[in-house]
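Inside the fold
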Amino acid sequence: MKTLVEDYDLVVVGAGHAGCEAALAGARLGLNTVMFTVSVDSIALMPCNPNVGGSSKGHLVRELDALGGEMGKNIDKTFIQSKMLNCSKGPAVHSLRAQADKQAYSNEMRKTLENTPNLTIKQGEVTKLLVEDGKIKGVKTYSGAIYNCKAVVLCTGTYLKARCIYGDVSNYTGPNGLQAANYLTDSLKELGIEMFRFKTGTPARIAGNTIDYSKMEEQFGDERVVPFSFSTNPEDVQIEQKSCWLTYTNEKTHEIIRANLDRSPLYSGMIEGTGPRYCPSIEDKVVRFADKNRHQVFIEPEGLYTNEMYIGGMSSSLPEDVQEEMYHSVPGLEHAKIVKNAYAIEYDCINPRQLYPTLEFKKIKGLFSGGQFNGSSGYEEAAAQGLIAGINAAMEVKGQEQLILDRSEAYIGVLIDDLVTKENHEPYRMMTSRAEYRLLLRQDNADLRLRKKGYQVGLISEEEYQKILAKEEQRMRELQEKIKEHKDSLGEQVTLAKESYEIDNDKTVAVHVFENGIEPVVGWLVCVNGEE
């Protein structure tokens, strides 16, 4: 029987946030690339929270952008509210967070993909990996078609043998009722790949015109918006923003939950997968933090052209009738209409310790992976891994040096190092506390840290590269003026720094950043003026 056979340089399996970045990186680096998705309408889907960024996650997006990724540019085009978080703390932990218009975000990313040279999008389920002598040779789809290739990036997200659950309802579907990928797990196991079973969840979506906002606290965006992408003109993101709203659970809410724990799949044993410790369901919060009499609930718009509101902080897998009662107990939601029920989702993923820091499988040459398939959680973590996997797959095909970011260079380096070297038995979430060099890894210096690497790889244009060189020169002039201004008070510090780092040459002297001339604050600066 005849089957379709096509040849590509790179195959990307999945079109979520990891898949989009991997496919774009491969195509932009000159590889003939094909990206598979179970539905072209689910490209860059946001099946859970309608936002990009947040504490530490904003760092990831800006680093991704500095390297030549797309997420930062895409959210700048489609956000409806933006806020710089942690402003009461030091600049090292300031993080951007933007509410997205979900549909616009997906549509804009799809438009970018469809207009990228060297990139083909195909709707279809990849069911088997074709491997010979420990090297990837291609993939096979459910229809029997063969796609020969030189490298594969797996970005399957939460779709592998996915099961959505609330109460005693269990559907073998992917997020948002989309088709699950039920066959690829078996192919991976046949190749000796160790698999995990993880779980995550999402809250209900509620009709915005049935909410009483007078009982809630309005949450505004920043007056002056800072773009995610270093390439975005700041004036282009000064838009009229949508508000979010804050309310709280109460003792009645908690009583309803406690009275129905026996009906929760989390506690009945119906759910087998391990959930994220740092993003617990509301029933988990009530049980684990029994001393708390309330929990924050954020009401967030899902877009400009929909009434749906995301109920942040109240993900659940409780039965439908319990959800109705539980949400109605929250101030402002007494008469709210549920559009979509909350649910938990189980899915297969890998033990990421089977990967090199390049995100290539140790057992199979040319096979890479990124995103939730690697045991992480979150859109931003996924996109960052997808970009690195896509870059390194392209470097593998081209016979060039692959990109590995050190923990001291980027949050992305911390993320990948943690995944591939540490025991990971729950969905991994990026946090500032995981980065031991966080005082240096500020979100506002991501371009200074990583733009050159993006240029060396081939994803940053000559124009953008020249801009970063000019910025470095400007920063150096400012530093030299700072040192001259505080020359007397810095003398002893310079001497100590030279001794500590065993530096003989004055042209590379590390000194503390000083505020008001005397108090040391976050970070280190480098002086290249031999006279100082």
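To be clear, the structure that these remarks concern was listed above.
Thresholds, definitions, all that
- Residues numbered from 1 in each chain as written.
- Predicted model: local features only at pLDDT ≥ 70, side-chain atom pairs only at ≥ 80, totals over all residues.
- Heavy atoms only, no water.
- Helix = DSSP H or I, 4+ residues; strand = E, 2+ residues; numbered from the N terminus.
- Polar contact = N/O pair within 3.5 Å; in protein donor to acceptor, adjacent residues only side chain to side chain.
- Contact = heavy atoms within 4.5 Å.
- Buried < 20%, exposed > 50% of the residue type's maximum accessible area, 1.4 Å probe, protein only.
- Pairing = 2+ DSSP bridges.
- Axes fitted to C-alpha atoms, helices over the stretch in contact; angles between N-to-C directions.
- Parallel < 35°, antiparallel > 145°, perpendicular 65-115°, else oblique.
- Left-handed = near helix turned anticlockwise from the far one by under 90°.
- Nonpolar A, V, L, I, M, F, W, Y, C, P; charged D, E, K, R; others polar.
- Salt bridge = Lys/Arg side-chain N within 4 Å of Asp/Glu carboxyl O.

**Things to note about the side chain of His-94**
Considering the arrangement of structural elements, one finds His-94 in the loop between strand 5 (79–85) and strand 6 (95–100). Of note is the side chain of His-94, whose polar atom sits 3.5 Å from the backbone oxygen of Asn-86. One polar contact links the side chain of His-94 to the main-chain carbonyl oxygen of Gly-90, over a distance of 3.4 Å. Non-local contacts of His-94, meaning those with residues more than four positions away in its chain, are made with His-59, Met-84, Leu-85, Asn-86, Cys-87, Lys-89 and Gln-443.

**What to know about unusual backbone geometry**
One non-glycine residue, Asn-86, lies in positive phi territory at about 65°. Within the element layout of this structure, Asn-86 appears in the loop between strand 5 and strand 6. One non-glycine residue with positive phi stands out, namely Leu-359, at about 75°. With respect to the helices and strands, the residue Leu-359 is situated in the loop between strand 21 (343–350) and strand 22 (367–369). Overall, the relative accessible area of 1% leaves Leu-359 in the buried class.

**A word on the sheet that holds strand 4 (residues 51–53)**
Taken together, three strands build an open sheet; the order of strands is 4-6-5 and the sheet is antiparallel. Each edge of the open sheet carries a strand with a single partner, namely strand 4 and strand 5. With direction set aside, neighbouring strand axes in the sheet form an average angle of 15°.

**Some points on the packing of helix 1 (residues 17–28) against helix 4 (residues 102–114)**
Put simply, helix 1 and helix 4 touch, their axes get as near as 11 Å, and they point 20° apart. Our classification of the angle between helix 1 and helix 4 gives roughly parallel. Here helix 1 and helix 4 pass one another in a crossing that is left-handed. Only Tyr-105, Met-109, Thr-112 and Leu-113 of helix 4 make contact with helix 1, whose side of the interface consists of His-17, Cys-20, Leu-24 and Arg-28. Residue composition of the contact of helix 1 with helix 4, grouped by class: five nonpolar, two polar and one charged.

**Remarks on the pattern of salt bridges**
Under the counting rule described, the total for this entry stands at 36 salt bridges. Residues Lys-150 and Asp-9 are paired through a salt bridge, measuring 3.3 Å at the closest nitrogen-oxygen approach. You can see Lys-150 sitting in the loop between strand 10 (146–148) and strand 11 (151–154) and its partner Asp-9 sitting in the loop between strand 1 (5–7) and strand 2 (10–13), a full 141 residues away along the chain. On the accessibility criterion, Lys-150 (45% relative accessible area) is partly exposed. In this structure, the salt-bridge partner of Arg-224 is Glu-235, at a minimum N-O distance of 2.7 Å. Linking Arg-224 in the loop between strand 16 (217–219) and strand 17 (244–248) with Glu-235 in the loop between strand 16 and strand 17, this pair joins segments that are 11 residues apart in sequence.

**Concerning helix 11 (residues 411–421)**
Of all 11 residues in helix 11, nine are buried, a share of seventy percent or more. Those residues of helix 11 not exposed but buried are Tyr-411, Ile-412, Gly-413, Val-414, Leu-415, Ile-416, Asp-418, Leu-419 and Val-420. Buried residues along helix 11 sit in contact with helix 2 (57–67) and helix 10 (379–398).

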